[in-house]
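# Observations on the three-dimensional arrangement
Listed below, chain by chain, are the residues.
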Amino acid sequence: MRRLVVRIGPIRREPAWLVVTLAVCRVVSRGARRLARAPFGVLAVVALAGWAVLLTVYGWRWWQLGPTVVVVLLGWRWLWPSGFGRVLGLPLRSVRRGGRIYRRQWSSAMDASGLVRVTEQARQVPRLVRVRSSRSVDRVTVEMLPGQVLDDFAGVADRLAQTFGALDCRVHSVPRRPHRLELWMLIKEPLEQIVEPFPTTVDDLTRGIPVARSEDGQVHRLVIVGSHVLVVGATGSGKGSVVWSLLVGLRPAITAGLVRVWAIDPKGGMELSLGVGLFDRFCHGDATSASYEEAFAVLLDDAVTVMRQRQDLLRGVTRLHEPSVDEPLLIIVIDELAALSGWVADRTLKKRIETALGLLLSQGRAVGVVVLGAVQDPRKEVLPMRDLFPTRIALRVSEAEQVGLVLGQGARARGAFADRIPERLPGVGYVVVDGIAEPRRVRFFYVTDDRIVEAGRQHAASVDASEVAA
Ligand SMILES: Nc1ncnc2c1ncn2[C@@H]1O[C@H](COP(=O)(O)OP(=O)(O)OP(=O)(O)O)[C@@H](O)[C@H]1O
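Residues numbered from 1 in each chain as written. Predicted model: local features only at pLDDT ≥ 70, side-chain atom pairs only at ≥ 80, totals over all residues. Heavy atoms only, no water.

Taking an unreviewed UniProt entry as the reference, the protein chain is identified by name as Cell division protein FtsK belonging to Microlunatus elymi.

If you want it as structure tokens, here you go:
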């Protein structure tokens, strides 16, 4: 008798009963975990069980079960729509879209995109593992064939999007699963809505400050400890929202004395002055200074001095500084980097600024002196040290070539189309962190002027209160 077997990927073959049992166990345990996180879901199950007991005691009627379930589900959906969506709505949507759209066309879509391997013995198709849908994105997990890499899929992302009727397709690696990847099929623009800032705590300094929402609806965190951050974007692309999402999110750590901010605003203080309450030092040009670039050079030289002192202190003790009240993380915020590197007319000053910046960018992060810089134009003659920033963010840029200059060669081929971000979506951009293959598309928080001022006020009030207490 022939045994029924199910193909699992290109290599393994397992009996069907084992695959089905494992799948059922996975669905039940996932459902139970989701339910445990949804109080109304637990309540609904308890209510249904109670009702069933009552019906049994007073005479069980099968037809009564249907209306009971409907009433409970409607009540749940009405009273707690988000929990209902998470526990029931989205899993059902995942099953429906997974079956109707992806599984049905999978094999032919892989074929049409050149991802199928045909040998004399077999025709090997990358395996569709599962589909998880949110309202705007379908995350399709795929097991690649031996020898395939993420770039093979990234190269045909446009074709895959077109085949499955998505607006766009992004390819992401799966942590700790080198054989798998995720295709994020965008059903509708997930970053259309403005994102309100999230509250932060001191602990977020090490976990990463929440600064944005990513396409799958998750909060995106930016780790500034041990990393310089470069923000590039055309005028009006929302560079300010990146800077302020981070600085306002850092407010608890600033108040706790774990972070100090020195800010340089070459645009005469127009960009950063609202947050002056959060800064330890604030340096900007004005009409009365003959050469305000000199002031920028002094600030950068002082930062280099702090860096040197830290190096003496930490040499032989640790390779990565941990922020403390005695030795806080020092963040140098520079609103327009080009004004410091490319546009300085005085040659001596230009050299001095470039030397200080180069030293900070090449040696500062290990000892807790980091740079957060924004710039409109990423070309080498304007920003010679752009490669020294481990975290790079490209908001809307004007030309396709600029994407590679900011995010690294190949980033655009992996789906970072920063040149295609529409003007109506300021604050949307791609983030690349050294060591992580693919860029993430996110929308940064919309931080109003009032919030920035409020953050400065909160900081000042806490400092005053602690001084009075002392
Ligand atoms: N994350 C965001 N969400 C929604 N709107 C935003 C966001 N960021 C910025 N905006 C809006 O976009 C406009 C331009 O923003 P911003 O001034 O930060 O751009 P910029 O890149 O700093 O421009 P410039 O280089 O000219 O200073 C502002 O009107 C702002 O309200």
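Having seen it, we continue.
## So, the site of the ligand
Taken together, 18 residues lie near the ligand, and Thr235, Gly236, Gly238, Lys239 and Phe444 sit nearest. Gly236 places a polar main-chain atom, nitrogen or oxygen, 2.9 Å from an oxygen atom of the ligand. The side chain of Lys239 places a nitrogen or oxygen atom 2.7 Å from an oxygen atom of the ligand. Of all the elements in the fold, those that place two or more residues in the shell around the ligand are α8 (239-249) and β18 (440-444). Class assignment for the residues of the shell around the ligand results in six nonpolar, eight polar and four charged. (Near = heavy atom within 4 Å. Polar contact = N/O pair within 3.5 Å; in protein donor to acceptor, adjacent residues only side chain to side chain. Helix = DSSP H or I, 4+ residues; strand = E, 2+ residues; numbered from the N terminus. Nonpolar A, V, L, I, M, F, W, Y, C, P; charged D, E, K, R; others polar.)

## Some details on the nonpolar core
With 50 residues, the main nonpolar core has Leu300, Ile332 and Leu407 as its most contacted residues. A total of nine residues in this core trace back to one element, the largest contributor, which is helix α10 (residues 292-314). The contacts of Leu407, once residues within four sequence positions are left out, are Arg392, Ile393, Ala394, Ala416, Tyr430 and Val432. Counting residues in hydrophobic clusters, the runner-up holds 41 residues, among them Val333, Val442, Phe444 and Ala455. (Core = buried A, V, L, I, M, F, W, Y, C linked by side-chain atoms within 4.5 Å. Buried < 20%, exposed > 50% of the residue type's maximum accessible area, 1.4 Å probe, protein only. Contact = heavy atoms within 4.5 Å.)

## Digging into the sheet that holds strand β8 (residues 180-186)
Spatially, four strands are ordered β5-β6-β8-β7 in an open sheet, and the strand pairing comes out antiparallel. Only two strands of the sheet have a single partner each, and these edge strands are β5 (127-133) and β7 (168-173). Strand-to-strand twist across the sheet, computed as the mean angle between neighbouring axes with direction ignored, equals 25°. Sheet topology note: the β5/strand β6 (residues 137-143) ladder contains six bridges and is antiparallel. Counterpart to Arg132 in the pairing with β6 is Arg139. On the sheet, helix α4 (residues 81-112) packs against β5, β6 and β8 and is oriented at approximately 145° with respect to β5. Packed on one face of the sheet, helix α6 (residues 157-164) meets β7 and β8 and runs near 125° to β7. (Pairing = 2+ DSSP bridges. Axes fitted to C-alpha atoms, helices over the stretch in contact; angles between N-to-C directions.)

## Description of the pattern of salt bridges
Should their charged atoms come close, side chains of opposite charge can pair. For the structure on display, the rule yields 25 salt bridges. Residue Arg180 is joined to Glu143 by a salt bridge in which the shortest nitrogen-to-oxygen separation is 3.2 Å. Highlighted residues: Arg180 in strand β8 and Glu143 in strand β6, separated in sequence by 37 residues. A salt bridge links Glu215 to Arg441; the shortest N-O distance between them is 2.9 Å. (Salt bridge = Lys/Arg side-chain N within 4 Å of Asp/Glu carboxyl O.)

## Some details on α4
Taking 1.5 Å of rise per residue, the 32 residues of α4 would be expected to cover 46 Å, yet its terminal C-alpha atoms sit only 40 Å apart, more than 12% below that figure. Helix geometry: α4 is bent most strongly at Trp106, by close to 65°. Where α4 ends, the next residue or the one after it, Gly114, has phi of about 75°, a positive value. (Expected span 1.5 Å × (residues − 1). Bend = angle between axes of the 7 residues up to and from the residue.)

## Section: the sheet that holds strand β17 (residues 428-433)
The strand order across the open sheet formed by 10 strands is β10-β9-β18-β17-β16-β11-β15-β14-β12-β13, and the pairing between neighbours is mixed. The open sheet terminates on both sides in strands that have one partner only, identified here as β10 (219-222) and β13 (281-284). Here the average twist between neighbouring strands, direction ignored, is 25°. As judged from the four bridges shared by strand β9 (residues 209-214) and β10, these two strands associate in the antiparallel manner. Residue pairing in the sheet places Arg213 in a bridge with Val219 of β10. Seen against the sheet, helix α13 (residues 400-407) touches β11 (229-232), β16 (391-394) and β17 and runs at an angle of roughly 165° to β16.

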